[in-house]
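# Examination of the molecular architecture
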Amino acid sequence: MQPWHALQLALQNEERAERFFGRLARAATVATVKKAARELEAEEREHVELVKAWLKKVPKPDSDWANDPDPPSYTD
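In this report, we go over the structure that sits alongside the text. (Residues numbered from 1 in each chain as written. Predicted model: local features only at pLDDT ≥ 70, side-chain atom pairs only at ≥ 80, totals over all residues. Heavy atoms only, no water.)

The secondary structure content of the chain amounts to 2 helices and 0 strands. Expected size for 76 residues packed as a compact globule is a radius of gyration near 11 Å; at 19 Å, the chain overshoots this value by more than 25%. Expressed as a percentage of the 76 residues in the chain, the buried residues total 20%. Relative to all contacts within the chain whose residues are 6 or more apart in sequence, the contacts with residues 24 or more apart total 67%. For the chain, the centre of its 12 positive side-chain charges and the centre of its 14 negative side-chain charges are spaced 13 Å apart. (Helix = DSSP H or I, 4+ residues; strand = E, 2+ residues; numbered from the N terminus. Rg over C-alpha atoms; globule rule 2.2 N^0.38 Å. Buried < 20%, exposed > 50% of the residue type's maximum accessible area, 1.4 Å probe, protein only. Contact = heavy atoms within 4.5 Å. Lys, Arg positive; Asp, Glu negative; His and termini not counted. Charge placed at Lys NZ, Arg CZ, Asp CG, Glu CD.)

One pass over the structure, following the stated rule, counts 1 aromatic pair. Centre to centre, the rings of Phe20 and Phe21 are 5.0 Å apart; their planes meet at 70 degrees, and the pair counts as edge-to-face. For Phe20, a relative accessible area of 42% translates into the label partly exposed. (Phe/Tyr/Trp six-rings, centres within 6.5 Å; stacked < 30°, edge-to-face > 60°.)

Glancing now at the side chain of Glu41. Structurally, the position occupied by Glu41 is in helix 2 (residues 31-57). Separated by 2.9 Å, the side chains of Glu41 and Arg38 make a polar contact. Not counting the four nearest positions on each side in its chain, Glu41 is found in contact with Glu18, Phe21 and Gly22. (Polar contact = N/O pair within 3.5 Å; in protein donor to acceptor, adjacent residues only side chain to side chain.)

Across its 27 residues, helix 2 extends 40 Å between first and last C-alpha, which sits within 8% of the 39 Å expected from 1.5 Å per residue. Of all the residues in helix 2, the buried ones are Ala37, Glu41, Glu44, Val48, Val51 and Leu55. Structurally, helix 2 contributes buried residues whose contacts are with helix 1 (3-27). (Expected span 1.5 Å × (residues − 1).)

Turning to its location among the elements, Pro3 is positioned in helix 1. Of the residues examined, Pro3 reaches a relative accessible area of 51% and is grouped as exposed. Spatially, the C-alpha atoms of Pro3 and Trp54 are 9.9 Å apart, while their sequence positions differ by 51 residues.

What follows is about the side chain of His5. Tracing the chain through its elements places His5 in helix 1. A polar contact is formed between the side chain of His5 and the side chain of Trp65, at a distance of 3.4 Å. In this structure, His5 is in contact with Pro61 and Trp65, ignoring residues within four places of it in sequence.

Structure follows, in structure tokens:
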């Protein structure tokens, strides 16, 4: 795994968290829960933008990044 891959995973999870809190805010019937969920949704949105900014700085790996010229070998 390269840094780009780790950031892709982070982005997916931050977007998922943003959607979760957005759904929670829409479904909440208690004002304090709705307010907290909106705040957390906004925080996750900031995280999404931060990860996207990092991704602009990290090169995407070559398509052969996972090729191992010296793979492990196991003998009995």
